[in-house]
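# Fold and geometry: a report
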Amino acid sequence: MAFEWSSCHHPGPFVGIMTWRHLTTTWTRDNAGHPGKKMAASVVTRRLCSTAAVAAVKTTRWERLKNSRVAKWCSGVLLDYKEAVREVGLGIRNRPLKSSVYIGLLGGAGACIYTQPDETSFETDLLDVSNKLGLLSPWIRSETSDQHVLNLVKLRNEGRLRHISLGLVALTFCGDYDPEADLYEAQCGNLSIPWRSLHERVVDVGFAGRWWILDSKMKDYDVNEAEFKNLPVHMQTTQPPTVKEVETTEKMHKESWLPIQMEEDKENII
């Protein structure tokens, strides 16, 4: 008895198409008088084992991963980077001066990024200079330093100081409201500070580990300029002494340590 029905794609781990027509043809030949029952079994077994082995080889996880699009893309990227590194090495060897300039610029940019001050450092410096001014009498404080620090402390207490990093430099600017306030003006994004007016709100610039405006305002913070307003013009400013004046001053200082001699002692010595 032979069945002519065949199946196309059979689900399972087999590679290829096995048809019922092939199996029934083998069985028909066996019924015809050939020793085909054992032969059919051996053929089927050999076919199953061979297809299973081929399927195991072709469906290995490593092979699928190696032949995937992601693996090919990664290998292409690695080759591109390898070629770029090789070209950089050749450029450094052929143009050492230009390469040294570029390396210096990249190193300087990296150092600036690494030493860029943050918001915590600004608050620390602000409290430090505020304590320094607090140790001085109001009569000898610099008015410029005092007013600048008082303004910054007021903005900090109101929660209006903002910090932004621009890569190489950092900026500290003032806002209109505290971001934690539950006011509509403080929470509405359409009423935020426009970028075109940011330069008008900047209170300090951080670069290379320093806050430059704060340091410049604290120069001579223990000198009150208002005390010298009533002096003549030539006395309001000072100039470094000359070499002769320095020698005269040192000589007078040494003589001040000598014992005082009276006129009677001088006559007795004579």
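Nothing here was measured: the structure is a model prediction, and the numbers come from that model.

## A look at the overall build of the protein
Per the secondary structure count, the protein includes twelve helices and four strands. Burial status across the protein gives 16% buried among its 270 residues. Once local pairs closer than 6 in sequence are excluded, the contacts in the protein between residues at least 24 apart make up 57%. Carbon and sulfur atoms form 61% of the exposed surface of the protein, whose accessible area is close to 22,000 Å².

## Comments concerning helix 7 (residues 143-157)
For helix 7, built from 15 residues, the straight-helix expectation of 21 Å at 1.5 Å per residue is met to within 8% by its first-to-last C-alpha distance of 21 Å. Buried within helix 7 we find Ser145, Asp146, His148, Val149, Leu152 and Leu155. In this structure, the buried residues of helix 7 make contact with helix 6 (119-134), strand 1 (161-165), strand 2 (170-174), strand 3 (202-207) and helix 9 (212-217). Looking one or two places after helix 7, you find Gly159, whose phi comes out positive at around 70 degrees.

## Focus on the packing of aromatic side chains
Applying the stated criterion across every chain, the model contains one aromatic pair. Residues Phe122 and Trp211 carry aromatic rings whose centres are separated by 5.0 Å and whose planes lie at 70 degrees to one another, so their mutual orientation is edge-to-face. A residue pair is termed long-range when its members are at least 10 positions apart, and Phe122 in helix 6 and Trp211 in strand 4 (residues 210-211) qualify at 89 residues. Neither residue differs from the other here; Phe122 and Trp211 are each classed as buried.

## Here's the deal with the packing of helix 6 against helix 7
Close contact between helix 6 and helix 7 brings their axes to 10 Å; oriented N to C, the two are set at 135 degrees. Classed by the angle they form, the pair helix 6 and helix 7 counts as oblique. Crossing angle aside, the handedness with which helix 6 passes helix 7 is left-handed. Where helix 6 approaches helix 7, its residues Phe122, Glu123, Leu126, Leu127, Val129, Ser130 and Leu133 are matched on the opposing element by Ser145, Asp146, Val149, Leu152, Val153 and Arg156.

## A word on the side chain of Arg141
Tracing the sequence through the fold places Arg141 in the loop between helix 6 and helix 7. A polar contact is formed between the side chain of Arg141 and the backbone oxygen of Leu133, at a distance of 2.9 Å. Setting aside residues up to four positions removed in sequence, Arg141 forms contacts with Leu133, Gly134, Leu136, Asp146, Tyr221, Val223 and Asn224.

## Looking at the confidence of the model for the protein
Here the protein shows a mean pLDDT of 75. Residues at 70 or above account for 76%. Low pLDDT (under 50) marks residues 1-36, which in the prediction has 36 contacts with non-local residues, meaning those over four places away or in another chain.

## Thoughts on a negative patch on the surface
Where like charges cluster on the molecular surface, the negative patch consists of Glu143, Asp220, Asp222 and Glu225. Within the element layout of this structure, Glu143 appears in helix 7. We classify Glu143 as partly exposed; its relative accessible area is 46%.

## Some points on the pairing of strand 3
Strand residues, when the strand is regular, have side chains that alternate between the two faces of the sheet. Bridging between strand 2 and strand 3 involves four bridges; their strand directions are antiparallel. Bridged to Thr172 within strand 3 is Asp204. Sheet analysis places strand 3 next to strand 4, joined by two bridges and oriented antiparallel. Counterpart to Gly206 in the pairing with strand 4 is Trp211. Counting the residues in the hairpin turn of strand 3 and strand 4 gives two residues, including Ala208, whose phi is positive at 55 degrees.

## As for the nonpolar core
Phe122, Leu126, Val129, Val149 and Leu152 are the most contacted members of the largest nonpolar core, which totals 14 residues. Sorting the residues of this core by element identifies helix 6, helix 7 and strand 2 as the ones contributing at least two each. Here this core takes four residues from helix 6, the largest share from any one element.

## Things to note about the pairing of strand 1
Alignment of strand 1 against strand 2, held across five bridges, turns out to be antiparallel. Bridge pairing in strand 2 places Ser165 opposite Ala170.

Rules of the game
- Residues numbered from 1 in each chain as written.
- Predicted model: local features only at pLDDT ≥ 70, side-chain atom pairs only at ≥ 80, totals over all residues.
- Heavy atoms only, no water.
- Helix = DSSP H or I, 4+ residues; strand = E, 2+ residues; numbered from the N terminus.
- Buried < 20%, exposed > 50% of the residue type's maximum accessible area, 1.4 Å probe, protein only.
- Contact = heavy atoms within 4.5 Å.
- Areas by Shrake-Rupley, 256 points an atom, 1.4 Å probe, with all protein chains shown as cover.
- Expected span 1.5 Å × (residues − 1).
- Phe/Tyr/Trp six-rings, centres within 6.5 Å; stacked < 30°, edge-to-face > 60°.
- Axes fitted to C-alpha atoms, helices over the stretch in contact; angles between N-to-C directions.
- Parallel < 35°, antiparallel > 145°, perpendicular 65-115°, else oblique.
- Left-handed = near helix turned anticlockwise from the far one by under 90°.
- Polar contact = N/O pair within 3.5 Å; in protein donor to acceptor, adjacent residues only side chain to side chain.
- pLDDT = per-residue confidence, 0-100.
- Patch = residues over 30% accessible without salt bridge, like charges linked within 9 Å, V, L, I, M, F, W, Y side chains within 5 Å.
- Salt bridge = Lys/Arg side-chain N within 4 Å of Asp/Glu carboxyl O.
- Lys, Arg positive; Asp, Glu negative; His and termini not counted.
- Charge placed at Lys NZ, Arg CZ, Asp CG, Glu CD.
- Pairing = 2+ DSSP bridges.
- Core = buried A, V, L, I, M, F, W, Y, C linked by side-chain atoms within 4.5 Å.

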